[in-house]
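# A closer look at the structure
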Amino acid sequence: MPAPIRLRELIRTIRTARTQAEEREMIQKECAAIRSSFREEDNTYRCRNVAKLLYMHMLGYPAHFGQLECLKLIASQKFTDKRIGYLGAMLLLDERQDVHLLMTNCIKNDLNHSTQYVQGLALCTLGCMGSSEMCRDLAGEVEKLLKTSNSYLRKKAALCAVHVIRKVPELMEMFLPATKNLLSEKNHGVLHTSVVLLTEMCERSPDMLLHFRKVCLLVPQLVRILKNLIMSGYSPEHDVSGISDPFLQVRILRLLRILGRSDDDSSEAMNDILAQVATNTETSKNVGNAILYETVLTIMDIKSESGLRVLAINILGRFLLNNDKNIRYVALTSLLKTVQTDHNAVQRHRSTIVDCLKDLDVSIKRRAMELSFALVNGNNIRGMMKELLYFLDSCDPEFKADCASGVFLAAEKYAPSKRWHIDTIMRVLTTAGSYVRDDSVPNLIQLITNSVEMHAYTVQRLYKALLDDISQQPLVQVSSWCIGEYGDLLVSGQCEEEEPIQVTEDEVLDVLEGLLVSNLSTPVTRGYSLTAIMKLSTRFSSVNRIKKVVSIYSSSIDVELQQRAVEYNALFKKYDHMRPALLERMPIMEKTASNGPTEIMQTNGETEPSVPDTKHLPLVTQPANQANDLLDLLGGNDVVPVIQTTLPTKPASAGGELLDLLGDLSLSGGLAPAPSVPVSQPPFLLDGLSSQPLFNDTSAAIPPMTAYSKNGLKIEFTFERANPNPNIAVITIHATNTTEADMTEFVFQAAVPKTFQLQLLSPSSNIVPALNQGSVTQVIRVLNPQKQQLRMRVKLTYTHKGSPVQDLAEVNNFPPQSWQ
Amino acid sequence: MTMHFLLLFSRQGKLRLQKWFTPIPEREKKKIVRDMTTMVLGRKPRSCNFLHWKDLKIVYKKYASLYFCCGLDAEENELLALEVLHRYVELLDKYFGNVCELDIIFNFEKAYFILDEFLLGGEVQETSKQVVSRSIEASDMLQEVSERPRSR
């Protein structure tokens, strides 16, 4: 068989291929030749063949049949073979391959080879891709080499040790002795890798960190080395643009950071050197700035004195003005990290940061945007918002969603006035309306609802916006909702804030109907506009027109629209007497958190069952008689009987149960105004009113029960569910005493089956007053993860008329809802 | 400088060198290479040299017709990474004399050998240019000595 072609010749040949197919053909041919050569166990050309295989592998072709050949090369005595063999192993054999472990023995032998370059190959391969098993087997060899005086091997062994520690952290201890003298080395390679090793150990183990800090006194050593590097003259071997060994400097700074973190003494010991590096480093080239950057990061992370921190932030401020984009980018990223802790210092650079919004580079713009939002506060809101809105206008689409959300959040927190707030929202909706997140729509609606005095102004502006553009769905949705809600204000021209526009009912209905038929409207938007039209039936006089529209859509292909239309139709026909009450103006929606939408969801869950009575008071804006009408109607209505059962058991509140229901509604799910049924709600209109709280909801009231009643002592249990964990039932016991004597030293104890867990909180008192003059209450929390039937054994002890009384009882009559 | 990977590729996206410092399945390596080439080649001419990809920082620099691209942990110093890439280019330049893409194509194994004297396990092992160059020279000499008269 002729000698296999040489590597370079193969490369040349393959590069002449003009098409992918041609290349593939050449490769396949060569692979076949290589395969047969491997089969013949040809020692002479194995190296050449594997090298060619590696080239083809880089082009993307499979090369797994060469894995074993790499092992054979590694086992060979020739240095050339070993070189290619190890390279092949690193490229083709990772720890997922079965043959990987076969390398272990070869590596072990080579670690003890007489030639340092062979040892180097073995160390390199082990340190690059050694598996945990290999590391375990060979850690001892690595440790030995870590103590050698040969600096070429020592530096490689140090990094190999780092790899071993990363793979098998338990082995860290065994390298500790070898680290003793590492820092007294003169050789920069060894110094550098030693610092890396020490860093790895300190990062992984707090004990090691303490050891190095207190026992080995690492900080002074590092400070000394760093000082020498800075003060020493020109060293040709390590110089980079006038700076001596920047790689080592940066690594030392990073290790100092770890050592100084949350330790006052260490931080103080490094104060001077950090100040020195910060002020003396050349900043004309990237390398100097790399060191400054690391210094800044260290200063901000340790317990540095305030002067040093200000110095660091000023360095970042200077970075912001640097021509080099990379430096600006890095500055913005760092400032973002420090803006929380050193807010005022960062504020000083606000105008520079805002200028970066106009940068051409996308990554810089994004950082600048994030940082700008972090810097917004009550004092600078107007100015900042102007810049940010301008940015929103002109930025790339990828930014618009985040920017819009950021603007909403900032506006909510710091709006100087309601009108400003509404104007800002309008601006966002009109300029970036299609990028606004879906959950902003309910938030905005809530905001608008709560700004009572701005209703007329808002609806007018939204209406005008709709006339211009109906393509941006969030804008259209908010606008339709507002028009449906406040359409009466629109046509009556009540706006105080600006010149009221003249618009007739028909014009408004034209616009809303236009939304229904437009191709630009999504199904959700159509739902909004249909509901809005329906709501206007109690606000406008052109009811017939509305009736017509609604009846047309009752045969719509869109199921959602159809359903709504059918129900609204029913509302016109059979339930017309309820229509005014159902389509009433929405009450102010309570919002307990002022942050993003996720907060609303959480607070909803938490506040639902135990909403204190006071919360409902602000909701009383509706005339009470209409509320009572509704109550009567629901009471007599056989469509939704469930309302009857839950009403009486709800905790008593001011203003009647209608407000309760609406209160629940507005707290649960953000946007669920009475007549308009969000897509996921059950179909019937009236069910929509009572909405989720009824069936599966954990806040459904559980009827109380009498747990014990004997000898004048009565113990009643009332139930709640503890949110957020539905497996916990919260039981409050109420102990009352019908006898003429007090029951003193009253102790209530309870035990539950093994699958439950019980927690008894402190009782209100231990005297149960006579003649029902008061009660003792105590809270029991029962964890019932397996949802088993709740059973309890109670033990009561008290003193009555001078004699001690003790009783045991079983409580089995828990209502199913308490444990299901 | 904990590097996860180092890639060299041409303007057309052809891979010239791939060094992986963490164990990754073959399929995923291919995906990473594809993602890197797409992202880096798609950058506008005067953008900054840093990108974010998943939880890694990507630092890249163009030298003539070759892109040098590395993936780092999120806490790493990007500016230093640029220095590391630059140092590698200098080492290649010293070895090949005015290195160009063709040198790397036809002598890819040498490029790997040089890299393995400069980085180990994703970290810098030697900060002196001369020491690295001398090690490579010595290894090459050892290779010549160990070879039989017939060349590869």
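Residue numbering note: each chain is counted from 1, following its sequence as written. Chains and ligands are labelled by the order in which they are written, letters from A for the one and numbers from 1 for the other. The model is predicted, so local features are restricted to residues of pLDDT at least 70 and side-chain atom pairs to those at 80 or more, both for listing and for counting; the totals for chains, interfaces and linings are taken over all residues. Excluding hydrogens and water, the side-chain values take into account all heavy atoms of the structure.

Under the convention used in this document: UniProt positions are given in the numbering used here, feature names are shortened, and annotations may be inferred rather than shown by experiment.
As recorded in an unreviewed UniProt entry, chain B goes by the name AP complex subunit sigma, listed as coming from Oncorhynchus tshawytscha. What the UniProt record of chain B gives under Subunit (unreviewed entry) is the line "Adaptor protein complex 1 (AP-1) is a heterotetramer composed of two large adaptins (gamma-type subunit AP1G1 and beta-type subunit AP1B1), a medium adaptin (mu-type subunit AP1M1 or AP1M2) and a small adaptin (sigma-type subunit AP1S1 or AP1S2 or AP1S3)." Per UniProt, chain B has the following entry under Sequence similarities (unreviewed entry): "Belongs to the adaptor complexes small subunit family."

For chain A, the name recorded in an unreviewed UniProt entry is AP-1 complex subunit gamma, with Oncorhynchus tshawytscha as its organism. Check the Sequence similarities (unreviewed entry) section of the UniProt entry for chain A; it says "Belongs to the adaptor complexes large subunit family."

### Concerning the overall build of chain B
Basically, it comes down to this: Helix and strand definitions follow DSSP, with helices as H or I runs of at least four residues and strands as E runs of at least two, each counted in order from the N terminus. Residue burial is assigned from relative accessible area. The probe radius is 1.4 Å, only protein chains are included, and a residue is buried under 20% of its type maximum, exposed over 50%, and partly exposed in between. Here a residue-residue contact requires only that any non-hydrogen atoms of the pair lie within 4.5 Å.
Looking only at helices and strands, chain B has five helices and seven strands in total. Walking chain B from its N terminus toward its C terminus, one meets helices and strands in the order β-β-α-β-β-β-α-α-α-β-β-α. Across the 152 residues in chain B, those meeting the buried criterion constitute 64%. Long-range contacts, defined as pairs at least 24 residues apart, comprise 50% of the intrachain contacts of chain B with a sequence gap of at least 6.

### Overview of the packing of helix H13 (residues 246-260) of chain A against helix H14 (residues 264-280) of chain A
When two helices pack together, you describe them by how their axes are tilted relative to each other and by the distance separating the axes. Residue and element names in this part refer to chain A. Short version of the rule: Geometry is summarised by axes, namely lines fitted to C-alpha atoms with helices restricted to the contacting stretch, and by angles between N-to-C directions that run from 0 to 180 degrees. Under this scheme an angle from 65 to 115 degrees is roughly perpendicular, one under 35 degrees roughly parallel, and one over 145 degrees roughly antiparallel; angles in between are oblique. Each crossing gets its hand from how the near helix is turned against the far one by less than a right angle, where anticlockwise is left-handed and clockwise is right-handed.
Their axes nearest at 9 Å, the elements H13 and H14 cross at an angle of 150°. In this view, H13 runs roughly antiparallel relative to H14, as classed from their interaxial angle. In terms of crossing hand, the pair formed by H13 and H14 is left-handed. Facing Leu 253, Leu 256, Leu 259 and Gly 260 of H13, the residues of H14 in contact are Ser 266, Ser 267, Met 270 and Leu 274.

### A look at the pattern of salt bridges
Selection criterion: Salt bridge criterion: a side-chain nitrogen from Lys or Arg within 4 Å of a carboxyl oxygen from Asp or Glu.
Using the criterion set out here, one finds 55 salt bridges over all chains in the structure. Of the charged contacts in the structure, one is a salt bridge between Arg545(A) and Asp510(A), with a shortest N-O distance of 2.6 Å. Linking Arg545(A) in helix H29 (residues 543-553) with Asp510(A) in helix H27 (residues 505-517), this pair joins segments that are 35 residues apart in sequence. Each of Arg254(A), Arg257(A), Arg261(A), Glu294(A), Asp301(A) and Glu76(B) takes part in one network of salt bridges that share partners.

### Some details on unusual backbone geometry
Peptide bonds are, in most cases, trans, and in most cases residues other than glycine have a negative phi. Residues and elements named next belong to chain A. Although it is not a glycine, Asp 245 sits at a positive phi angle of roughly 40°. With respect to the helices, strands and loops of the structure, Asp 245 is situated in the loop between strand S2 (243-244) and H13. Accessibility expressed as a relative area gives 0% for Asp 245, which makes it buried. Even without being glycine, Ser 262 reaches a positive phi, approximately 50°. Its location among the elements puts Ser 262 in the loop between H13 and H14.

### Overview of H27(A)
Residues and elements named next belong to chain A. Filter applied, for reference: How far a helix is expected to stretch is found by multiplying one less than its residue total by 1.5 Å. In this context, the arc is that of the directions from the helix axis out to the C-beta atoms.
Taking 1.5 Å of rise per residue, the 13 residues of H27 would be expected to cover 18 Å, and the 19 Å separating its terminal C-alpha atoms lies within 8% of that figure. Of the residues making up H27, those classed as buried are Glu 505, Val 508, Leu 509, Val 511, Leu 512, Leu 515 and Leu 516. Along H27, the residues classed as buried sweep out an arc of 155° about the axis, all on the same side. Buried residues in H27 make contact with helix H25 (455-468), helix H26 (473-491), helix H28 (523-535), H29 and helix H30 (559-573).

### A word on the interface of chain B and chain A
We count it as follows: Two parts placed together each lose some accessible area; with a 1.4 Å probe, that loss summed over both constitutes the buried area. Residues adjacent in sequence count toward polar contacts only when both atoms are side-chain atoms; beyond that, a polar contact is any pair of N or O atoms within 3.5 Å, and within protein one must be able to donate a hydrogen and the other to accept it. Charged residues are taken to be Asp, Glu, Lys and Arg, nonpolar residues to be Ala, Val, Leu, Ile, Met, Phe, Trp, Tyr, Cys and Pro, and polar residues to be all remaining types, Gly included.
Between chain B and chain A, the contact holds 70 residues from the first and 72 residues from the second. The contact between chain B and chain A buries some 6400 Å² in all, and 55% of this surface belongs to carbon and sulfur atoms. Here chain B is connected to chain A by nine salt bridges. Among the ionic pairs, Asp140(B) bridges to Arg83(A), the shortest N-O distance being 2.8 Å. One can count 27 residue pairs in polar contact (both at pLDDT 80 or more) joining chain B with chain A. If you list the elements that add at least two residues to the side of chain B that touches chain A, you get strand S2 (15-20), helix H1 (26-41), strand S3 (50-53), helix H2 (78-96), helix H3 (101-106), helix H4 (108-118), strand S7 (123-124) and helix H5 (129-146) of chain B. With twelve residues, the single largest contributor to the side of chain B that touches chain A is H5(B). Across the side of chain B that touches chain A, the residue classes break down as 26 nonpolar, 17 polar and 27 charged.

### Considerations on the environment of Met369(A)
Residues and elements named next belong to chain A. Within the element layout of this structure, Met 369 appears in helix H20 (residues 362-375). Each C-alpha atom of the pair Met 369 and Val 354 lies 7.9 Å from the other, and the pair is 15 residues apart in sequence. Met 369 has contacts with Leu 357, Phe 391, Phe 399, Asp 402 and Cys 403, leaving out every residue within four places of it along the chain.

### Observations regarding the environment of Asn379(A)
Residue position: Asn379(A) is located in the loop between H20 and helix H21 (381-394). Sequence spacing of Asn379(A) and Tyr414(A) is 35 residues, and the spatial spacing of their C-alpha atoms is 8.6 Å.

### So, the packing of aromatic side chains
All names here are of chain A. Our working rule: Geometry of aromatic contacts follows a simple scheme: Phe, Tyr and Trp rings, the Trp one being its six-membered ring, pair when their centres are within 6.5 Å, and the pair is stacked under 30 degrees between planes, edge-to-face over 60, tilted otherwise. By the criterion adopted, a ring carries a charge over it if an Arg CZ or a Lys NZ lies within 6 Å of its centre and within 35 degrees of its normal.
In the structure shown here, the tally under the stated rule is 16 aromatic pairs over all chains. Measuring from ring centre to ring centre gives 5.2 Å for Tyr 117 and Tyr 152, while their planes differ by 65°; the resulting arrangement is edge-to-face. Taken together, the residues Tyr 117 in helix H7 (residues 116-129) and Tyr 152 in helix H9 (residues 151-167) connect sequence positions 35 residues apart. In terms of burial, Tyr 117 and Tyr 152 fall into one category: buried. Taken together, a centroid distance of 6.5 Å and an interplanar angle of 80° make the contact between Phe 717 and Phe 748 edge-to-face. In this pair, Phe 717 is assigned in strand S4 (residues 713-721) and Phe 748 in strand S6 (residues 743-751), connecting sequence segments 31 residues apart. Each member of the pair, Phe 717 together with Phe 748, is buried. Put simply, the rings of Phe 717, Phe 719, Phe 748 and Phe 814 touch in pairs and so form one group of aromatic residues. Just above the ring of Phe 65 sits the side chain of Arg 35; from NZ or CZ to the centre is 4.0 Å.

### Details of a negative patch on the surface
Condition: Think of a patch as exposed residues, more than 30% relative accessible area, with no salt bridge, where like charges cluster within 9 Å and nonpolar side chains (Val, Leu, Ile, Met, Phe, Trp, Tyr) cluster within 5 Å. Method for areas: the Shrake-Rupley scheme with a 1.4 Å probe, in which residue coverage is limited to the protein chains shown. Just so you know, the count uses Lys and Arg for positive and Asp and Glu for negative, and it drops His and the chain ends. We put the charge of a Lys on NZ, of an Arg on CZ, of an Asp on CG and of a Glu on CD.
Among the surface-exposed residues, Asp264(A), Asp265(A), Glu268(A), Asp272(A) and Glu305(A) lie close enough to one another that they form a single negatively charged patch. Mapped onto the fold, Glu268(A) is located in helix H14.

### Some thoughts on the sheet that holds strand S4 (residues 56-63) of chain B
As a general point, the strands of a sheet are linked pairwise by backbone hydrogen bonds and lie either parallel or antiparallel. Residue and element names in this part refer to chain B. We count it as follows: Two strands are counted as paired when DSSP detects at least two bridges linking them.
Pairing within the open sheet is antiparallel, and its five strands lie in the order S2-S1-S5-S4-S3. Each having just a single partner strand, S2 and S3 make up the two edges of the open sheet. Across the sheet, the mean angle separating the axes of adjacent strands is 20° when strand polarity is ignored. Direction of pairing for S4 relative to strand S5 (residues 66-72): antiparallel, over a ladder of seven bridges. Looking across to S5, one finds that Tyr 60 is bridged to Cys 69. Packing against the sheet, H1 makes contact with strand S1 (3-10), S2, S3, S4 and S5, and its axis sits at approximately 60° to S1. Taken strand by strand, H2 contacts S1, S2, S3, S4 and S5, and its axis lies near 40° from that of S4.

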